[in-house]
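The primary structure of each chain is shown beneath.
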Amino acid sequence: MRNFIKIAVSAVMLVALVLAMVACGGDGTTTTAAGATTAAPGTTAAATTKANVTTTPAQTTVTPPPSSAPATGPYAYYQKDEVIEDFGGYTYVCNNGFPELQDGKIVATMRLSMISSWEATCPKGKISGKFTSAADNTSNDNGIIFCLQGGAVKDIIEATGEDYNPYFFENDYAYYFLLCADGGGMGLAKVYWNTTAWSWLVAPKSDMEGYQYQHGDTFTLTADVKDDGVIDCYFNGQLMFSYTDTDPIVGGGGFGARLEEIGVILHELTIEPAE
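Counting of residues starts from 1 at the beginning of each chain's written sequence and follows it residue by residue. Per-residue local features are limited, in this predicted model, to residues with pLDDT of at least 70; the limit for side-chain atom pairs, both in listing and counting, is 80 or more; totals at the level of whole chains, interfaces and linings are taken over all residues. Side-chain metrics rest on all non-hydrogen atoms present in the structure, leaving aside hydrogens and water.

**Observations regarding the pairing of strand 2 (residues 90–96)**
To keep it simple, the criterion reads: The buried label applies to any residue whose accessible area, calculated with a 1.4 Å probe on protein chains only, is under 20% of its type's maximum; exposed applies above 50%, and partly exposed to all values in between. Only DSSP runs of H or I reaching four residues or more are called helices, and only runs of E reaching two or more are called strands; each is numbered from the N terminus. What makes two strands pair is DSSP finding at least two bridges between them.
Buried residues dominate strand 2, accounting for 5 of its 7 residues. Across 3 bridges, strand 1 (residues 83–87) lies against strand 2 in antiparallel orientation. Bridge pairing in strand 2 links isoleucine 84 to tyrosine 92. The hairpin formed by strand 1 and strand 2 contains 2 residues between the paired strands, and glycine 88 there has a positive phi angle of roughly 65°.

**With respect to the pattern of salt bridges**
The criterion, for reference: Here, a salt bridge means any Lys or Arg side-chain nitrogen found within 4 Å of an Asp or Glu carboxyl oxygen.
Using the criterion set out here, one finds 6 salt bridges in the structure. Note that aspartate 227 is salt-bridged to lysine 124, the shortest N-O span being 2.3 Å. Taken together, the positions of aspartate 227 in the loop between strand 11 (218–225) and strand 12 (230–235) and lysine 124 in the loop between strand 5 (113–117) and strand 6 (125–132) put the pair 103 residues apart, joining distant regions of the chain. Relative accessible area serves as the criterion here: at 46%, aspartate 227 is assigned to the partly exposed category.

**Notes on the nonpolar core**
The test is simple: Among buried residues, those of type Ala, Val, Leu, Ile, Met, Phe, Trp, Tyr and Cys that are joined through side-chain atoms within 4.5 Å constitute a nonpolar core.
Core analysis: the largest hydrophobic core is formed by 43 residues, its most contacted members being Phe146, Leu178, Met186 and Leu188. For this core, the element with the highest residue contribution is strand 11, accounting for 4 residues. Listed in part, the 11 residues of the second largest apolar core include Met114, Ile145, Tyr175 and Leu179.

Shape descriptors only; they carry no functional weight alone.
See the structure below:
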């Protein structure tokens, strides 16, 4: 009897175990025979459905030039605030420092300011500038520049592939500089000729007859460039000295001005090219 009960209980337990296994398998479950390899879940090529794919063309982003920079021509080498578009009928650019056009006059807002024009050339003829120097300042070398090589670097800048430096003071481009100097005298210098940064042709003199200058004065300087390296130099319309350069600067007709100290004013700058 006990054996029968054991057998019956065993049978019931076996049935229950089978039912439990079926219940745990869930709908659609398949069992894998021992030793078989189970593939990783996935779909076959035939069963794969691809969603529609939209291809976006590659975009090229073009960054516009800053609004402060002129877009075309040689002006593109300078920022807009470095270009003085109409001073006495000519365009000037800032080669050094920071001069500004204020009420029709150019005012130095930084030390060692320099401007040059590229709209016209004057390799020979008269160049005149009217200045007011900085009062009570012993560092005042202010005056006109002329015979600047490259026609105020216009030709150099426009020549494709040329090396150039649009910002310069006493390097890269040669020119003459007629000035009232910081010591009070009037002199003539040659800048960066044959790579020499500075050469006095006529050292500043304050004892010239008819020459009266002190810092803070308003005055006019004029250079009259003639043949054979002759340069006549005037102060307020009076001839102060004449210099003959035996090794004159060639290939240059640009013109402009240098304003050494903050507050120096250039009232006007004119040229009268020789015919």
